[in-house]
Amino acid sequence: MIRFERARAAARVRVMSSVYSHSGLSSFENCPRQFYFRYVEKVEVTSESIEAFLGKLVHEVLERLYRFVGEGKVPRLPRVLERYEAWWHERLDPARVRVVRSEVPIDFYRETGARCLSNHYRSRYPFDAEETLGLEEMVHFSLDEDGRYRMRGVIDRIARARDGTLEIHDFKTGRRVPSQERLDQDRQLALYQIGLSRRYGEAAPVRLVWHYLAAGVVRTSSRTPEALQALREQTIRLIDRVEAEHEFEPRPSALCAWCEFREICPAARSASPRASAPAPPVLAP
Ligand code: SF4
């Protein structure tokens with residue numbers, strides 16, 4: 001059990017020295033206590049959800065696929081699926097992977113991953129629409145000139161389209177496809193655009209591209225310089241809120257069922273019952 005009362009006294013100092021990520025900030029927005037467990041106390045996690053396992057595996061297979069494509073060797077779809085199935089069986093550890101929706105057979109998740117890969121492969125073949133510039137690329141950047149508000153992120157794929165536009169691609173394995181209005185306000189890829197602006201220049205035209213793999217849907221968006229500036233300012237204000245936080249109050253919700261700290265969080269008991277919980281909005285981390 002975490003000694004929360006004692007530990008939180010030191011939390012502020014430790015948070016202030018942090019480098020933030022979009023997912024970390026989302027965690028704070030969704031449930032400050034989850035943020036505390038994950039990023040301040042750094043509670044060791046010994047399990048992951050089946051959704052996270054599936055998302056990671058699909059990302060790894062796509063990274064491998066695009067590395068082959070970059071070498072001029074486009075593997076056939078059955079080979080891609082063979083690799084996926086082999087890794088699935090090698091790596092799935094029932095003692096480590098949690099299945100929240102126990103009424104859903106594990107094969108459903110495995111087949112969802114295969115469908116994600118097949119949809120993407122068929123829609124992109126022969127993979128010559130863009131040139132890949134980076135895969136699973138780590139970016140570090142600051143939101144301000146002084147380097148006080150530091151961020152990092154991992155970009156699934158950076159590419160150059162035929163028209164010269166820089167593209168930031170993100171692979172999603174979740175079921176839901178957000179509305180265009182929501183994507184036009186999305187923080188994650190727009191932050192990555194800020195992160196890449198030093199490398200590729202502020203003036204480079206940029207397209208943000210989301211691949212909703214399970215649904216076989218692609219969505220795009222772009223940002224004006226004014227929108228990026230507004231995002232910088234909003235994100236700085238959010239980081240200020242994180243750093244001023246003392247209580248890290250839990251915010252129980254249906255998503256507690258997927259929270260890795262459910263066993264140690266007293267507030268989880270008051271969350272909605274698992275049976276009525278919706279699927280998590282995003283399967284991949
Ligand atoms: S179990 Fe729920 S309330 Fe507790 S930390 Fe996780 S998301 Fe927050």
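As a reminder, the structure under discussion sits directly above these lines.
Presented here is a report on the structure given in the accompanying data block.

Cut-offs applied
- Residues numbered from 1 in each chain as written.
- Predicted model: local features only at pLDDT ≥ 70, side-chain atom pairs only at ≥ 80, totals over all residues.
- Heavy atoms only, no water.
- Helix = DSSP H or I, 4+ residues; strand = E, 2+ residues; numbered from the N terminus.
- Buried < 20%, exposed > 50% of the residue type's maximum accessible area, 1.4 Å probe, protein only.
- Contact = heavy atoms within 4.5 Å.
- Areas by Shrake-Rupley, 256 points an atom, 1.4 Å probe, with all protein chains shown as cover.
- Core = buried A, V, L, I, M, F, W, Y, C linked by side-chain atoms within 4.5 Å.
- Domains from an automatic or database assignment.
- Axes fitted to C-alpha atoms, helices over the stretch in contact; angles between N-to-C directions.
- Parallel < 35°, antiparallel > 145°, perpendicular 65-115°, else oblique.
- Left-handed = near helix turned anticlockwise from the far one by under 90°.
- Nonpolar A, V, L, I, M, F, W, Y, C, P; charged D, E, K, R; others polar.
- Salt bridge = Lys/Arg side-chain N within 4 Å of Asp/Glu carboxyl O.

Regarding the overall build of the protein chain
Part 1 of the reasoning: A count of helical and extended segments in the protein chain gives 10 helices and seven strands.
Part 2 of the reasoning: Out of the 285 residues in the protein chain, the part that is buried amounts to 47%.
Part 3 of the reasoning: Restricting to contacts in the protein chain with at least 6 residues of sequence separation, those with at least 24 account for 73%.
Part 4 of the reasoning: Carbon and sulfur atoms provide 49% of the accessible area of the protein chain, an area that totals close to 15000 Å².

Considerations on the environment of Ala 257
Part 1 of the reasoning: Inspection of the secondary structure assignment puts Ala 257 in the segment after α10 (225–244).
Part 2 of the reasoning: Through-space distance from the C-alpha of Ala 257 to that of Arg 269 is 10.0 Å; in sequence the pair is 12 residues apart.

A few points about the side chain of Thr 165
Part 1 of the reasoning: Structurally, Thr 165 can be placed in the loop between β4 (150–161) and β5 (166–172).
Part 2 of the reasoning: Thr 165 has contacts with Ala 159, Arg 160, Pro 205, Val 206 and Arg 207, leaving out every residue within four places of it along the chain.

Examining the nonpolar core
What tends to happen in soluble globular proteins is that the nonpolar side chains get buried as a cluster.
Part 1 of the reasoning: Of all hydrophobic cores here, the largest spans 39 residues; its most connected members are Leu 143 and Ile 168.
Part 2 of the reasoning: Those elements that place two or more of their residues in this core are α3 (22–30), α4 (32–40), β3 (130–142), β4, β5, α9 (188–200), β6 (206–212) and α10.
Part 3 of the reasoning: Counting the residues that make up this core, at least three belong to each of domain 1 (2–46 + 247–269) and domain 3 (132–240).
Part 4 of the reasoning: Once you skip the residues sitting within four places of it in the chain, Leu 143 turns out to touch Tyr 149, Met 151, Leu 191, Arg 232, Thr 235, Ile 236 and Ile 239.
Part 5 of the reasoning: Counting residues in hydrophobic clusters, the runner-up holds 27 residues, among them Leu 62, Val 69, Trp 88 and Ala 114.

Focus on the packing of α3 against α10
Each packed pair of helices is defined by two parameters, the angle between the axes and the distance between the axes.
Part 1 of the reasoning: Viewed as axis vectors pointing N to C, α3 and α10 meet at an angle of 60°, and their least axial separation amounts to 11 Å. Looking at the two axes, α3 sits oblique to α10. In this structure, α3 meets α10 at a crossing whose hand is left-handed. Contacts between α3 and α10 involve Leu 25, Phe 28 and Glu 29 on the former and, on the latter, Thr 235, Leu 238, Ile 239, Arg 241 and Val 242.
Part 2 of the reasoning: By residue class, the composition of the contact of α3 with α10 is five nonpolar, one polar and two charged.

Brief notes about the pattern of salt bridges
Part 1 of the reasoning: If you walk through the whole model with that rule in mind, you get 17 salt bridges.
Part 2 of the reasoning: Taking the shortest distance from any N to any O, the salt bridge between Asp 107 and Arg 110 comes out at 3.2 Å. Linking Asp 107 with Arg 110, this pair stays in helix α7 (residues 106–124), spanning three residues, or about one helical turn.
Part 3 of the reasoning: Taking relative accessible area as the criterion, Asp 107 reaches 38% and is therefore assigned partly exposed.
Part 4 of the reasoning: Two residues, Arg 207 and Asp 163, come together in a salt bridge whose shortest N-O distance is 3.1 Å. Of this pair, Arg 207 sits in strand β6 while Asp 163 sits in the loop between β4 and β5; the two residues are 44 residues apart in sequence, bridging distant segments of the chain.
Part 5 of the reasoning: Arg 207 gets classed as partly exposed once you look at its relative accessible area, which sits at 25%.
Part 6 of the reasoning: Taking relative accessible area as the criterion, Asp 163 reaches 52% and is therefore assigned exposed.
Part 7 of the reasoning: Three or more residues are tied together by salt bridges with common partners; here these are Glu 85, Asp 107 and Arg 110.

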